[in-house]
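Take a look at the letters that make up each chain.
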Amino acid sequence: MARYKITIEYEGTRYNGWQVQKGQKSIQGAFFDACKALFGAAAKFEFYGSGRTDAGVHALAQVAHLDVVTRLSEAKIRMGLNDNLPSDINVLSVESVDAHFHARFDAVERSYIYIISKRRSAFGKSNIWWIKDRLNVAAMIEASEAFYGRHDFRSFTDKDAETDTTLVHMTAVDIHETDNLIAIHIVGSHFLWKMVRRMVGILVEVGRGNLRERDIENMLKSYSPLPAKYTAPSSGLYLEHVYYEGERIKRGIEILPGILRLK
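Here is what the cut-offs are and how they apply
- Residues numbered from 1 in each chain as written.
- Predicted model: local features only at pLDDT ≥ 70, side-chain atom pairs only at ≥ 80, totals over all residues.
- Heavy atoms only, no water.
- Helix = DSSP H or I, 4+ residues; strand = E, 2+ residues; numbered from the N terminus.
- Buried < 20%, exposed > 50% of the residue type's maximum accessible area, 1.4 Å probe, protein only.
- Salt bridge = Lys/Arg side-chain N within 4 Å of Asp/Glu carboxyl O.
- Phe/Tyr/Trp six-rings, centres within 6.5 Å; stacked < 30°, edge-to-face > 60°.
- Lys NZ or Arg CZ within 6 Å of the ring centre and 35° of its normal.

Caption draft 1: Region of interest: unusual backbone geometry. A positive phi angle, close to 70°, is found at Lys194, a residue other than glycine. You can see Lys194 is positioned in the loop between strand S9 (181-188) and helix H4 (195-208). Judged by relative accessible area, which is 22%, Lys194 ranks as partly exposed.

Structure (structure tokens):
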């Protein structure tokens, strides 16, 4: 079998997350159907993602690897998959890779962006979190420093049979503000179930004046139920990038109408 690195974008609103679940729409399930349509119902293939995204979460550049026997070129695989995928899932690139490459286990960092709208909008309600309160962004930036480094994030997740440890190394928590939006860019070694949304929810409470940096420090030292209470909605969350050995981590954010780009 040949192995291909697949880079994917998707709008996660209609899906119950990445992973196949019985009786539920999933991104992975849509790819299984597309692969069967492209390579044949009897074809043998394997398709693994770099990690799961929760229900309603989007991706700007999710990564997966595909194992399949085919004579199709990378370009024809990309076009063929897109022809058989729904319009809210799009294959950005297909690249032939070494058989030892693994989308999940070779990833060294992952980054997410969370988008908060400061005003009511007629557009994008499934892609942003509108917060009516005026947030103190300076306080949020200061408090975000508590997340840097290696910490135990058990307060920021639920029990998960697939999670061996709740220790995570956080590389960056950058907060940027425009006239109408606040973008939180988070980079870490990996992320636990609901972790990013709970980090965002806690930072928003800091912005509202209800919590301080020392409260976050305490949540990282011992278990607290507060992050679960303040879990941010999935609508504003985007898996932005999956980093592999040798890639430079991008910092700084530029927000264009309808498009998120890092520079």
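Caption draft 2: Representation of the pattern of salt bridges within the structure. One pass over the structure, following the stated rule, counts 11 salt bridges. A salt bridge links Glu177 to Lys118, with the nearest nitrogen and oxygen atoms 2.8 Å apart. Here the residue Glu177 occupies a position in strand S8 (residues 167-177), and Lys118 occupies one in the loop between strand S5 (107-117) and strand S6 (129-130), the gap between them amounting to 59 residues. Glu177 gets classed as partly exposed once you look at its relative accessible area, which sits at 43%. Among the charged side chains, a salt-bridge network with shared partners connects Asp133, Glu205 and Arg208.

Caption draft 3: Region of interest: the environment of Lys229. Secondary-structure assignment places Lys229 in helix H6 (residues 226-229). The spacing of Lys229 and Arg198 is 31 residues in sequence and 8.4 Å in space, taken between C-alpha atoms.

Caption draft 4: Quick peek at the packing of aromatic side chains. All chains considered together, the criterion is met by 10 aromatic pairs. Between the aromatic rings of Phe31 and Phe47, the centroid separation amounts to 4.7 Å while the plane-to-plane angle is 15°, which identifies the pairing as stacked. With Phe31 in helix H1 (residues 27-39) and Phe47 in strand S2 (residues 45-49), this residue pair connects regions lying 16 residues apart in the sequence. Each member of the pair Phe31 and Phe47 is classed as buried. A centroid spacing of 5.2 Å and a plane angle of 55° characterise the contact between Phe101 and Tyr244, whose relative ring orientation is tilted. Residue Phe101 is found in the loop between strand S4 (89-97) and S5, and its partner Tyr244 is found in strand S10 (residues 237-244); the two are separated by 143 residues along the sequence. Of the two residues, Phe101 and Tyr244, neither departs from the other in class, the shared state being buried. Aromatic rings pair up to connect Tyr10, Trp18, Phe31 and Phe47 into one cluster. When the ring centre of Trp193 is taken as reference, the NZ or CZ atom of Lys194 above it lies at 4.8 Å.

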